[in-house]
Amino acid sequence: MNIDPRTYEATPDLLKDRVILVTGAGRGIGRAAALAFAARGATVILLGRKVKPLESLYDEVVAAGHPQPAIFPMDLEKAEDKDFLAMAQGIAEQLGRLDGILHNAVASFVPVGLEHYKLAEWMAQLRVNLAAPAAITRACLPLLRQAPDASVIMTSDTHAQTPGAFWSGLAISKAGVETLVRIQAEEWEATPNLRINAVVPGPVNSPQRLRTHPGELKGSLRKPEDLLPVYLYLMGPASRGITGQVLPCQA
């Protein structure tokens, strides 16, 4: 990898004619990434739990003159295989192709010790952060296999690499994400048009960060837009052949 993804400069037509699914698109990094993909020619599919933020983003994309997006409201904590398959079928019928997925939706809770973790909290994080992305990728795999250059981006977390007290649910589910990426990359070795990698955003001024670090001064944190070079590099053709990697957005 001769290119530093953190300083990658994307061309205006980088993703022209591509169709890209973004989960957690309603706010934070997902919203910024969806806008960046659309601005570079992609038709973005906006998946999120709440409709209103998706509609607001839809209007912003259209007003900017970018390709008309699609909206798929879905609660990943409750969705089943049939819901993911129905979504994949809808993508096939409405758009005819799928060239990439950014798995950005995340579930996390205020940090607490293991003795206080409830089963429902464990299941929410494992389901949204790990199982749902795997199930969505599987449901969409027939479409991805048809794409000439398909990229799947997972989202990890610094706590997956340096686990510490009180971050068990997030750390363990995101460590699973990194393991999934390595396994899936090996299973796709014979399919060179498919690749999968993970991104570690690091501390960023986002609604999710506000929830877990309510007393933190946000002025020193990077904005979601500052991380976009890595996402554009991984989603675009410059990263073809790069797979099974975990890339940091910050030094």
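Residues numbered from 1 in each chain as written. Predicted model: local features only at pLDDT ≥ 70, side-chain atom pairs only at ≥ 80, totals over all residues. Heavy atoms only, no water.

### Focus on the overall build of the protein chain
- Counting its secondary structure elements, the protein chain contains eight helices and seven strands.
- Over its C-alpha atoms the protein chain spans a radius of gyration of 17 Å, differing by no more than 12% from the 18 Å that the globule rule assigns to 251 residues.
- The C-alpha extent of the protein chain, read off along each of the three principal axes, is 50 × 40 × 40 Å.
- Residues classed as buried in the protein chain amount to 53% of the 251 residues present.
- Partitioning the contacts of the protein chain with sequence separation of at least 6, the portion at a separation of at least 24 is 73%.
- By element, 54% of the accessible surface of the protein chain is carried by carbon and sulfur atoms, the whole surface being about 11,800 Å².
- Measuring between centres, the 25 positive side-chain charges of the protein chain sit 3 Å from its 25 negative side-chain charges. (Helix = DSSP H or I, 4+ residues; strand = E, 2+ residues; numbered from the N terminus. Rg over C-alpha atoms; globule rule 2.2 N^0.38 Å. Buried < 20%, exposed > 50% of the residue type's maximum accessible area, 1.4 Å probe, protein only. Contact = heavy atoms within 4.5 Å. Areas by Shrake-Rupley, 256 points an atom, 1.4 Å probe, with all protein chains shown as cover. Lys, Arg positive; Asp, Glu negative; His and termini not counted. Charge placed at Lys NZ, Arg CZ, Asp CG, Glu CD.)

### Focus on the sheet that holds strand β2 (residues 43-48)
- Reading across the sheet, the seven strands line up as β3-β2-β1-β4-β5-β6-β7 and stay open at both edges, with parallel pairing between neighbours. Each having just a single partner strand, β3 (70-73) and β7 (246-248) make up the two edges of the open sheet. Taking the axes of each pair of neighbouring strands and ignoring which way they run, one obtains an average angle of 20° across the sheet.
- Of the strands in this sheet, β1 (19-23), β2 and β3 touch helix α3 (residues 81-94), which is tilted by about 165° from β3.
- Lying over the sheet, helix α8 (residues 228-235) contacts β1, β4 (100-102), β5 (150-155), β6 (194-200) and β7, oriented at roughly 170° with respect to β6. (Pairing = 2+ DSSP bridges. Axes fitted to C-alpha atoms, helices over the stretch in contact; angles between N-to-C directions.)

### Thoughts on the side chain of Asn193
- Of note, Asn193 is situated in the loop between α6 (168-187) and β6.
- One polar contact links the side chain of Asn193 to the main-chain carbonyl oxygen of Ala147, over a distance of 2.7 Å.
- The residues contacting Asn193, other than those within four sequence positions of it, are Leu144, Arg145, Ala147, Pro148, Asp149, Ala150 and Arg240. (Polar contact = N/O pair within 3.5 Å; in protein donor to acceptor, adjacent residues only side chain to side chain.)

### Describing the pattern of salt bridges
- Applying the stated criterion across every chain yields a total of eight salt bridges.
- One salt bridge connects Asp149 with Arg195, and the closest N-O pair in it is separated by 2.4 Å. Within this pair, whereas Asp149 is found in the loop between α4 (119-146) and β5, its partner Arg195 is found in strand β6, the two being separated by 46 residues in sequence.
- Judged by its relative accessible area of 3%, Arg195 is buried.
- Among the charged side chains, a network of salt bridges with common partners joins Arg18, Asp149 and Arg195. (Salt bridge = Lys/Arg side-chain N within 4 Å of Asp/Glu carboxyl O.)

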